[in-house]
Amino acid sequence: MRRLFPVSAHQSDSADRQWSLDELADAYAYPPGDGSGWLRANMVASVDGAAHHQGRSQPLSGAADMRVFGVLRALADAVVVGAETVRREGYRPARAREAFAARRAAAGQTPAPAVAVVSAGLDLDFSAPLFTGPLTPTLVVTGAQAPPERVAAARRAGAEVLVAGDGAGADPGRVPGVLAARGLTRLLTEGGPRVLGQFAAAGVLDELCLTVSPRLAGGEAERITSGPALAVPADFSLEAVLEETGYLFTRYRRARQVAE
């Protein structure tokens, strides 16, 4: 791992070497919060722009990307993910990691982040490990008009149901605030593209951590966002670029947040 941007005065940052988990955690630390929540996205894309290969992101990933993925999860209060990604990727509960236990305890966090599934119809397998075996109970974020029988099934499975909208599904613009009110302010979304597109269109995406994979995928895969077009393209500021084995780990922050 080496830092390409910003240029560091420390020679060790620009040298190609194995970064410790603590160094990565410091590099990706959340900004000081005001209690309103900070929504960070972590996505991977092929060098030709594909967000997945044959429906899964794993073929685009590698050892360095998985290490950063693990660090970003270890820093979050909650991992926000769409129902389609849960089904397609076979999502499991986040696990506690000894390497981050002291850091999380000092920050007042649970041993492992909660997984918060955004879903309208709650067409989820509540017998799956995501619901039956989490260290921190899984959350389901939906709308006030979600199917009552599915809401009841989620609660029977041990999930906590949060309402973030008046319709059948969650209002993307309200999701971060509802989670923040629950005490979950360091938020990480891993997509999929539809959920990320909704957050971007709602103007609530604060930060994007995009891994550019040195792999060509071809085909007709989605981009990392899918859904409604923004009325005006949103400006993001480049904060950092790291590199390892050809993978570029970029970090962008919403431009208006920098000015505040």
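Colleague: Describe in detail the pairing of strand β8 (residues 207–213), supporting the description with residues and values.
Modeller: Of all the seven residues making up β8, six are buried; the element is thus mostly covered by neighbouring parts of the structure. In terms of strand pairing, strand β2 (residues 38–46) meets β8 through seven bridges, oriented parallel. Each bridged residue has a counterpart across the sheet, and for S46 the counterpart in β8 is S213. The pairing of β8 with strand β10 (residues 247–254) spans six bridges and is antiparallel. Each bridged residue has a counterpart across the sheet, and for L208 the counterpart in β10 is Y252.

Colleague: How would you sum up the environment of L210? Please name residues and give values.
Modeller: Inspection of the secondary structure assignment puts L210 in strand β8. Sequence separation of L210 and A9 is 201 residues, and the distance between their C-alpha atoms is 24 Å. With residues up to four places along the chain from it excluded, the contact list for L210 reads M43, V44, A45, I224, L248, F249 and T250.

Colleague: Lay out the packing of aromatic side chains with the relevant residues and their values.
Modeller: Within this structure, the stated rule accounts for two aromatic pairs. When the centroid spacing of 6.4 Å and the interplanar angle of 20° are considered together, the rings of Y247 and F249 count as stacked. Note on F249: relative accessible area 2%, which makes it buried. Its guanidinium or amino end placed over the ring of Y30, R40 lies 4.1 Å from that ring's centre, counting from NZ or CZ.

Colleague: Explain a nonpolar patch on the surface residue by residue, including any values.
Modeller: On the surface, a nonpolar cluster with roughly 290 Å² of combined accessible area is contributed by L4, F5, L238 and L248. Tracing the backbone shows L4 in strand β1 (residues 2–5). Overall, the relative accessible area of 35% leaves L4 in the partly exposed class.

Colleague: Quick one: what's the story with the sheet that holds strand β9 (residues 236–244), residue by residue and with numbers?
Modeller: Taken in spatial order, the 10 strands make up an open sheet running β1-β9-β10-β8-β2-β7-β3-β4-β5-β6, and their pairing is mixed. Sheet topology places β1 and β6 (160–163) at the edges, where each strand pairs with a single neighbour. Across the sheet, the axes of successive neighbouring strands diverge by a mean angle of 25°, strand direction being ignored. Relative to strand β7 (residues 186–189), strand β3 (residues 78–82) runs parallel, the two sharing three bridges. By the bridge assignment for β7, V79 is matched with L188. Packing against the sheet, helix α9 (residues 193–202) makes contact with β2, β3 and β7, and its axis sits at approximately 135° to β2.

Colleague: Give a description of the environment of P214 that names residues and reports values.
Modeller: Within the fold, P214 resides in the loop between β8 and β9. Owing to a relative accessible area of 43%, P214 belongs among the partly exposed residues under this scheme. For P214, the contacting residues outside a window of four places in its chain are T245, G246 and Y247.

Rules behind the numbers
Residues numbered from 1 in each chain as written. Predicted model: local features only at pLDDT ≥ 70, side-chain atom pairs only at ≥ 80, totals over all residues. Heavy atoms only, no water. Buried < 20%, exposed > 50% of the residue type's maximum accessible area, 1.4 Å probe, protein only. Helix = DSSP H or I, 4+ residues; strand = E, 2+ residues; numbered from the N terminus. Pairing = 2+ DSSP bridges. Contact = heavy atoms within 4.5 Å. Phe/Tyr/Trp six-rings, centres within 6.5 Å; stacked < 30°, edge-to-face > 60°. Lys NZ or Arg CZ within 6 Å of the ring centre and 35° of its normal. Patch = residues over 30% accessible without salt bridge, like charges linked within 9 Å, V, L, I, M, F, W, Y side chains within 5 Å. Areas by Shrake-Rupley, 256 points an atom, 1.4 Å probe, with all protein chains shown as cover. Salt bridge = Lys/Arg side-chain N within 4 Å of Asp/Glu carboxyl O. Axes fitted to C-alpha atoms, helices over the stretch in contact; angles between N-to-C directions.

Any link to function would need more than the numbers given here.
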